[in-house]
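Okay, here's what each chain looks like letter by letter:
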Amino acid sequence: MRKPRWWAELALIGVVYAAYSGGRLLVRGDEASAVEHGLAILRLERLLGIDAEHPLNRLFTDVPALGIPADFAYASLHYLVTPAILLWLFRRRPAHYRAARTWLMVSTLLGLVGFTLLPTCPPRLLDPVHGFTDTMAHFSAYGWWGGEASAPRGLGGLTNQYAAMPSLHVGWALWCGVMLWRYGRTPAAKALGVAYPLLTTVVVMGTANHYLLDAVAGAAVMGAGLLLTPPVLRLARRLRGTAEAPPVVSGGCETSAGERIPGQRTFPTSADDTSTRGLPCSSSSSGEAESVGEAR
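Residues numbered from 1 in each chain as written. Predicted model: local features only at pLDDT ≥ 70, side-chain atom pairs only at ≥ 80, totals over all residues. Heavy atoms only, no water.

**Q** Residue-level account of empty space enclosed by the protein, with values.
**A** A complete count under the given rule lists one cavity of 30 Å³ or more for this structure. Here the largest cavity is characterised by a volume of approximately 90 Å³. In this structure, the largest cavity is lined by Ala73, Tyr74, Leu77, His78, His169, Tyr196, Leu199, Thr200, Val203 and Val204. Counting only elements with at least two residues in the lining of the largest cavity, the list comes to helix H4 (64-92) and helix H8 (187-206). (1 Å grid on protein atoms, 1.4 Å probe; cavity = no way out; pocket = protein on both sides within 12 Å on 5 of 7 lines; lining within 4 Å. Points joined across faces, edges and corners; volume = space filled by probe spheres on them. Helix = DSSP H or I, 4+ residues; strand = E, 2+ residues; numbered from the N terminus.)

Below you can see the structure in the form of structure tokens.
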């Protein structure tokens, strides 16, 4: 298969990410339904006894040494680590790059479908009576973000704050972890592949940006994207025309008089030899030619 061209890949990734970012803005749900969805998730987690967001959020709020680095991690790592893994695969594992890139893109677009169907208010935007603190706003003096998600100050209007379900922070981190575990060749790379998605899950809950079930949904979206990757790759190959079998040089063994196969050596020929030109190169014909030689 032809190696992907860097400029084509850069353009493709840019187009998909622009469509994803623009789609997030266009599918903003109304606040009332988003809050109701958030509260419904919180009630379900409490019923199941898995509402881990509260203790983590209190810990991150009370201990700035944890909360501030977590805010920086939430605001930046998915923009840094994910492209770095893509670049590493492109340069060092090119045989696996196209499938990995397709998996990431398909899953991202599936996440956009989730934002559209289920706009969800994150814990940090719920009424304070529910016990959550927005650590991004609480520690905003230490970073570039304001009180509106992880966007730089003054650009909060360019984000969809109700795009919490599923958590693509967790989904992308899981993708990075799988790539490091599967294609990393050192124990350190494999350990990082395990630690990074787990750390991201803790961070998104501790900063009150996601519920635990958001993280579970992010992992589920990546699973669905993985299942859809093979048919998407086959479709892409058909669209590129690479699904056709490569042309075969000299598909049959016949040649016309005077025609040479590339690289063929020529020998002086007699009148008897020229009479055999154009015979099919089948096993029966070669046997007959040998028997003729023996009869001489």
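So that's the structure; there's more coming.
**Q** Describe in detail the pattern of salt bridges, supporting the description with residues and values.
**A** Using the criterion set out here, one finds three salt bridges in the structure. Across the pair Arg43 and Glu36 runs a salt bridge whose closest N-O atoms are separated by 2.9 Å. Judged by relative accessible area, which is 47%, Arg43 ranks as partly exposed. Glu36 gets classed as partly exposed once you look at its relative accessible area, which sits at 39%. Of the charged contacts in the structure, one is a salt bridge between Asp134 and Arg124, with a shortest N-O distance of 3.3 Å. With Asp134 in the loop between helix H5 (94-117) and helix H6 (135-138) and Arg124 in the loop between H5 and H6, the pair connects residues that are ten residues apart, well separated along the chain. Comparing Asp134 with Arg124, the two get one shared label, buried. (Salt bridge = Lys/Arg side-chain N within 4 Å of Asp/Glu carboxyl O. Buried < 20%, exposed > 50% of the residue type's maximum accessible area, 1.4 Å probe, protein only.)

**Q** Requested: an account of a positive patch on the surface, with residues and values cited.
**A** Positive charge collects at one region of the surface, where Lys3, Arg91, Arg92 and Arg185 lie side by side. Inspection of the secondary structure assignment puts Lys3 in the segment before helix H1 (6-26). Residue Lys3 is classed as exposed on the basis of its relative accessible area of 51%. (Patch = residues over 30% accessible without salt bridge, like charges linked within 9 Å, V, L, I, M, F, W, Y side chains within 5 Å. Areas by Shrake-Rupley, 256 points an atom, 1.4 Å probe, with all protein chains shown as cover. Lys, Arg positive; Asp, Glu negative; His and termini not counted. Charge placed at Lys NZ, Arg CZ, Asp CG, Glu CD.)

**Q** Break down the packing of aromatic side chains for me, with residues and values.
**A** A complete count under the given rule lists two aromatic pairs for this structure. Between Phe90 and Tyr97, the aromatic rings sit 5.2 Å apart at their centres with planes inclined by 85°, giving edge-to-face as the arrangement. An identical accessibility class is assigned to Phe90 and Tyr97; each is buried. Their ring planes at 65° and their centres at 6.3 Å tell us that Phe139 and Tyr142 sit as a pair that is edge-to-face. For Phe139, a relative accessible area of 5% gives the class buried. Residue Tyr142 is classed as exposed on the basis of its relative accessible area of 53%. Lying across the ring of Trp181, Lys190 places its NZ or CZ 5.3 Å from the centre. (Phe/Tyr/Trp six-rings, centres within 6.5 Å; stacked < 30°, edge-to-face > 60°. Lys NZ or Arg CZ within 6 Å of the ring centre and 35° of its normal.)

In short, geometric facts, not functional conclusions.
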